[in-house]
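# Tertiary structure, described
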Amino acid sequence: MSNLHNLVFGIYPYIALSIFLLGSLIRFDREQYTWKSDSSQLLRLRQLRLGSNLFHIGILFLFFGHAVGLLTPHWLYESFGLSTPNKQMLAIISGGLAGAACFAGVAILLYRRLAEPRIRATSKPMDIVILLWILVTLVLGLVSILFSLQHTEGGVMLALGAWAQHIVTFRGGAAEFIAGVPAIYKIHLFFGMTLFVLFPFSRLVHVWSGFASVSYVTRAWQLVRPRG
């Protein structure tokens with residue numbers, strides 16, 4: 001196993017997570033006026049609703065699907081009668097559909113941002129970079145499905161899961177589990193991890209506010225009294 005492999009898949013995940021968490025915290029503390037999605041709805045409503053819905057539905061499913069799929073120990077889902085090959089096929093079908101929806105959404109949003117002069121003029125470089133990065137990451141993930149269909153026994157899926165579980169539990173030797181997996185998975189992982197690095201410097205930070213909105217469920221009533 002090369003030093004580069006150990007750096008990218010043994011050390012870089014922690015660098016990416018540190019930048020993701022600390023960068024988001026620092027931006028919220030120092031630049032709250034930039035903590036927004038910068039909606040371009042007023043500039044052009046056409047295509048926004050379809051592209052935005054496809055993108056958000058697809059990427060949320062992919063995020064939680066990857067989290068649950070990679071971090072759930074195989075003995076746990078097998079105890080419910082779900083075998084490793086069946087779990088992989090479930091991931092291929094559901095992930096493929098969500099990935100296709102997200103890809104269509106990103107493509108619409110990217111075309112809209114580049115083709116509409118007013119939106120292009122108000123776009124920051126990072127707005128375009130983050131969409132392109134997500135698009136490439138999605139393409140890599142969709143292409144990896146073709147490789148997964150060639151080994152339906154689930155061995156690669158178990159290796160990727162062992163890597164992710166060792167990373168989040170701060171156990172050493174995580175990079176060793178994926179030393180032999182095809183390159184397409186490694187490239188996809190690198191692009192996915194780098195997305196967390198770019199996160200604090202992009203409009204994606206508004207995702208935090210979306211999760212924080214759950215607190216409104218338990219928020220105290222706001223009393224509004226009329227004058228006099």
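Residues numbered from 1 in each chain as written. Predicted model: local features only at pLDDT ≥ 70, side-chain atom pairs only at ≥ 80, totals over all residues. Heavy atoms only, no water.

Let's shift gears to the overall build of the protein chain. Within the protein chain one finds nine helices and zero strands. Dimensions of the protein chain along its principal axes, counting C-alpha atoms only, are 70 × 45 × 35 Å. By the burial criterion, 38% of the 228 residues in the protein chain qualify as buried. For the protein chain, restricting intrachain contacts to residue pairs at least 6 apart in sequence, the fraction spanning at least 24 positions comes to 81%. In the structure as shown, the protein chain presents an accessible area of about 14200 Å², 70% of it carried by carbon and sulfur atoms. The distance from the centre of the 18 positive side-chain charges to the centre of the 8 negative ones in the protein chain is 13 Å. (Helix = DSSP H or I, 4+ residues; strand = E, 2+ residues; numbered from the N terminus. Buried < 20%, exposed > 50% of the residue type's maximum accessible area, 1.4 Å probe, protein only. Contact = heavy atoms within 4.5 Å. Areas by Shrake-Rupley, 256 points an atom, 1.4 Å probe, with all protein chains shown as cover. Lys, Arg positive; Asp, Glu negative; His and termini not counted. Charge placed at Lys NZ, Arg CZ, Asp CG, Glu CD.)

This part is about a nonpolar patch on the surface. A surface patch of nonpolar side chains, amounting to about 750 Å² of accessible area, comprises Met89, Ile93, Leu97, Phe103, Val139, Val143, Leu146, Phe147 and Leu149. Elements with a contribution of two residues or more to the nonpolar patch: helix 4 (84–115) and helix 6 (125–148). Looking at where Val139 falls in the secondary structure, it is placed in helix 6. (Patch = residues over 30% accessible without salt bridge, like charges linked within 9 Å, V, L, I, M, F, W, Y side chains within 5 Å. Salt bridge = Lys/Arg side-chain N within 4 Å of Asp/Glu carboxyl O.)

Let us now look at the packing of helix 6 against helix 8 (residues 183–198). Packing of helix 6 against helix 8 brings their axes to within 9 Å, and their N-to-C directions diverge by 155°. Of the possible angle classes, the one that applies to helix 6 and helix 8 is roughly antiparallel. Crossing hand, helix 6 versus helix 8: left-handed. Contacts from Met126, Ile130, Trp133, Ile134, Val136, Thr137, Leu140, Gly141, Val143, Ser144, Phe147 and Ser148 of helix 6 reach helix 8 at Ile184, Tyr185, Ile187, His188, Phe191, Gly192, Thr194, Leu195 and Leu198. When its residues are assigned to classes, the contact of helix 6 with helix 8 shows 14 nonpolar, seven polar and no charged. (Axes fitted to C-alpha atoms, helices over the stretch in contact; angles between N-to-C directions. Parallel < 35°, antiparallel > 145°, perpendicular 65-115°, else oblique. Left-handed = near helix turned anticlockwise from the far one by under 90°. Nonpolar A, V, L, I, M, F, W, Y, C, P; charged D, E, K, R; others polar.)

Structurally, Thr194 is set in helix 8. Within polar-contact distance, the side chain of Thr194 engages the backbone oxygen of Phe190 at 2.7 Å. Excluding its chain neighbours within four sequence positions, the residues that come into contact with Thr194 are Tyr12 and Trp133. (Polar contact = N/O pair within 3.5 Å; in protein donor to acceptor, adjacent residues only side chain to side chain.)

For the protein chain, per-residue confidence averages 89 on the pLDDT scale, and residues scoring 70 or more make up 91% of the total. Helix 8 holds the highest mean pLDDT among the elements of the protein chain, 97, whereas helix 9 (residues 206–212) holds the lowest, 77. (pLDDT = per-residue confidence, 0-100.)

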